[in-house]
Amino acid sequence: MTDRRPIVVAGAGAIGCFVGGMLAAHGHDVTLLVRPGVAGQIRTHGLRLTDFDGLDEHVPASKLTLSQDPTCLAEAGIVLVTVKTADTAGMARLIAQHTPALSTVLSLQNGLDAAEILREVLPLHDVRAGMVPFNVVPHGDGRYHRATSGDIVVETGRMPLSGYLSVPGLRMIGTGAINGVQWGKLLLNLNNGLNALSGLTLQEQLFDRRWRRVMAAQMAEALAVLKAHGIYPASSTPLPARLIPWVLRLPTPLFSRVAARMLTIDPMARTSMSYDLEAGKPTEIDALQGRIIAMGAQEGVATPLCQRVRDLVKEAQARGPGLPNLTPSDLR
C-alpha cells in the first residue's frame, strides 16, 4: 500500500490516541480528530504511550496533526474510527460528507454494531471491521497506558491494511473471517459490565472464583444464543470459546495454570466500562449485553443474567459518576 495521505483517527479517545500515536511514532502521517481538552493535553505534553510490558514511547505534538474540524477527513487516505458505538452514526455521516467514495474506513470499536452502522451509512466506501484485543487507560497529561496484550485483527479486502498499519509495538493481523473474531471478542467483552459493577481490577476479579462463576454463567447464556443463530465465535485465547466457561469455573490454583495467558495483564487494569461508570460517561452496555438479549429474544433463548447485568449498569449510569462495588451475590 503506497497511499501517503494522512491516516485520520476519527474520534480519538484512549484507543485512538494510543493507536494513532504508535503509528505517528514510526513514521506515519497521522491526524487526530479529537476533543479540545485532549488536544490541549497533547499540545502541552505530547503523547506518552506506555504498557505493562515495558513500552515507553514519547510522541511530540510536532509529529501529529491535531484537529477539532471534521473537514480534516477530506485529506484522509485511511480513516480509523474509534468512537463509541452510540456515536458511530454521527461520525459516519461526517465521513460521508468529507471523504470521497471508495475511501478506506477501518472500525476499531467494540461489538459488531459499529461496523454494521458504518457499512449502512457508507455503502460506497471500503469499510473494514477490526478487533482490538487490548484496553488502554488514559492517565492524563497525554499519557495512555496499554494494560492488556494482543494483536489487532483487521478484515482483509481489496487493499492490504494489516501490513501497512503494523509498526513495532503495534502489530495488526489480517483475516477473512472477521465476523467470528468479533463474536469471540464480544463474548469476552461481556465481562466489561461485570468488572464495572464489581469495582475490582481485572486481576482481582479473575482470581476470585465467585466472580469467575458469574462470568462463566453469562458467557454460557451468550454461547447458547449464538448457537441458536448458527454463529460460531473464534476465540482470541488458546482455548476454544465453548471451553472458556468450563475453565473459568475451575478452582483458582488450577485456573491460574490453565489460563495463564488471560492473566498477563497490568495488575491495576480495569475494563473501559469501569472507567466510563467511574467518570459518569455513557457505556456500551447496549452493544454488548443488549445485543445478546435481543438475539436471545428472537430465538426464544432466555438471557436472565445478561438482562440483570444490563439493568444494573443502567441503574449505575443513572446514579451518576462512581462504581457500585457489587458482590457476585448481588447479580444472582
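Residues numbered from 1 in each chain as written. Predicted model: local features only at pLDDT ≥ 70, side-chain atom pairs only at ≥ 80, totals over all residues. Heavy atoms only, no water.

Here's the deal with the state of the cysteines
In a disulfide, the sulfur atoms of two cysteines are held together by a covalent bond.
(1) Moving on: In this structure the tally under the stated criterion is zero disulfides.
(2) Moving on: Cysteine Cys72 is unpaired, with the sulfur of Cys17 as its nearest cysteine sulfur at 13 Å.
(3) Moving on: For Cys72, a relative accessible area of 13% translates into the label buried. (Disulfide = S-S within 2.5 Å. Buried < 20%, exposed > 50% of the residue type's maximum accessible area, 1.4 Å probe, protein only.)

What about the nonpolar core?
(1) Moving on: The biggest cluster of nonpolar side chains holds 47 residues, and the ones touching the most others in it are Trp183, Leu187, Ile292, Val309 and Leu331.
(2) Moving on: Counting residues per element, this core draws most heavily on helix α9 (residues 209-228), at nine residues.
(3) Moving on: The residues touching Trp183, leaving out its near neighbours within four places in the chain, are Leu112, Leu226, Ile231, Pro233, Arg291, Ile292 and Met295.
(4) Moving on: Judged by nonpolar contacts, the second largest core, of 40 residues, contains Ala24, Leu108, Tyr144 and Met172. (Core = buried A, V, L, I, M, F, W, Y, C linked by side-chain atoms within 4.5 Å. Helix = DSSP H or I, 4+ residues; strand = E, 2+ residues; numbered from the N terminus. Contact = heavy atoms within 4.5 Å.)

Description of empty space enclosed by the protein
Empty space among the atoms becomes apparent when a probe as large as a water molecule is rolled across them.
(1) Moving on: Across all of its chains, the model carries three cavities of 30 Å³ or more by this definition.
(2) Moving on: Here the largest cavity defines a volume of roughly 60 Å³.
(3) Moving on: Looking at the largest cavity, the residues that line it are Gln109, Asn110, Gly111, Gly130, Met131, Val132, Gln182, Lys185, Leu186 and Asn189.
(4) Moving on: Put simply, the parts of the chain that give the lining of the largest cavity at least two residues each are β8 (126-131) and α6 (178-189).
(5) Moving on: By residue number, the principal contributor to the lining of the largest cavity is α6, which donates four residues.
(6) Moving on: By volume, the second largest cavity amounts to about 40 Å³.
(7) Moving on: Contributing to the lining of the second largest cavity are Gly184, Leu187, Leu188, Met219, Ser235, Ser236, Ala241 and Ile244.
(8) Moving on: Looking at the lining of the second largest cavity element by element, the count peaks at three residues for α6. (1 Å grid on protein atoms, 1.4 Å probe; cavity = no way out; pocket = protein on both sides within 12 Å on 5 of 7 lines; lining within 4 Å. Points joined across faces, edges and corners; volume = space filled by probe spheres on them.)

Examining the layout of surface pockets
(1) Moving on: If you add up the space inside the second largest pocket, you get close to 180 Å³.
(2) Moving on: What lines the second largest pocket is simply Leu223, Leu226, Lys227, Ile231, Tyr232, Pro233, Pro240, Ala241 and Arg242.
(3) Moving on: The class makeup of the residues in the lining of the second largest pocket is seven nonpolar, no polar and two charged. (Nonpolar A, V, L, I, M, F, W, Y, C, P; charged D, E, K, R; others polar.)

Brief notes about the packing of aromatic side chains
(1) Moving on: According to the stated counting rule, one finds one aromatic pair in the structure shown.
(2) Moving on: Just above the ring of Phe255 sits the side chain of Arg212; from NZ or CZ to the centre is 4.3 Å.
(3) Moving on: Sitting above the plane of the Tyr275 ring, Arg270 keeps its charged end 4.2 Å from the centroid. (Phe/Tyr/Trp six-rings, centres within 6.5 Å; stacked < 30°, edge-to-face > 60°. Lys NZ or Arg CZ within 6 Å of the ring centre and 35° of its normal.)

Points about the packing of helix α3 (residues 88-98) against helix α4 (residues 113-121)
(1) Moving on: Between α3 and α4, the shortest axis-to-axis distance is 9 Å and the interhelical angle comes to 35°. Note that α3 runs across α4; the crossing there is right-handed. Between α3, through Thr88, Ala89, Ala92 and Arg93, and α4, the contact on the second element is made entirely by Ala114, Ile117, Leu118 and Val121.
(2) Moving on: Here the residues of the contact of α3 with α4 are counted per class, giving six nonpolar, one polar and one charged. (Axes fitted to C-alpha atoms, helices over the stretch in contact; angles between N-to-C directions. Left-handed = near helix turned anticlockwise from the far one by under 90°.)

Notes on helix α1 (residues 14-25)
(1) Moving on: Over its 12 residues, α1 runs 16 Å from end to end, which matches the ideal 16 Å to within 8%, given 1.5 Å per residue.
(2) Moving on: Among the 12 residues of α1, 12 are classified as buried, and the element is accordingly described as predominantly covered.
(3) Moving on: Those residues of α1 that fall on the buried side of the exposure criterion are Ala14, Ile15, Gly16, Cys17, Phe18, Val19, Gly20, Gly21, Met22, Leu23, Ala24 and Ala25.
(4) Moving on: Once α1 finishes, Gly27 follows within two positions and takes phi at roughly 100°, a positive value. (Expected span 1.5 Å × (residues − 1).)

Remarks on the sheet that holds strand β1 (residues 7-10)
(1) Moving on: Reading across from one edge, β5-β2-β1-β6-β7-β8-β11-β12 is the order of the eight strands in this open sheet, with mixed pairing throughout. Of all the strands in the sheet, the pair left with one neighbour each is β5 (64-67) and β12 (172-175). Here the average twist between neighbouring strands, direction ignored, is 25°.
(2) Moving on: Note that β1 and strand β2 (residues 30-33) share four bridges and pair parallel. By the bridge assignment, Ala10 is partnered in β2 with Leu33.
(3) Moving on: α6 contacts β8, β11 (152-155) and β12 of the sheet and is inclined by roughly 40° relative to β8. (Pairing = 2+ DSSP bridges.)

Section: the pairing of β1
(1) Moving on: The alternating pattern of β1 places Ile7 and Val9 on one face and Val8 and Ala10 on the opposite face, and all of these are buried.
(2) Moving on: Traced from β1 through α1 to β2, the parallel crossover comes out right-handed.
(3) Moving on: Across four bridges, β1 lies against strand β6 (residues 78-81) in parallel orientation. Counterpart to Val8 in the pairing with β6 is Val79. (Right-handed = clockwise from strand over helix to strand, strands pointing away.)

Describing the environment of Ala302
(1) Moving on: Tracing the backbone shows Ala302 in the loop between α13 (289-299) and α14 (304-319).
(2) Moving on: The class of Ala302 is exposed, set by a relative accessible area of 59%.

Observations regarding the environment of Ala259
(1) Moving on: Along the chain, the position of Ala259 falls in the loop between α11 (252-258) and α12 (272-279).
(2) Moving on: A relative accessible area of 3% means that Ala259 is categorised as buried.
(3) Moving on: Separated by 121 residues in sequence, Ala259 and Pro138 have C-alpha atoms that sit 27 Å apart.

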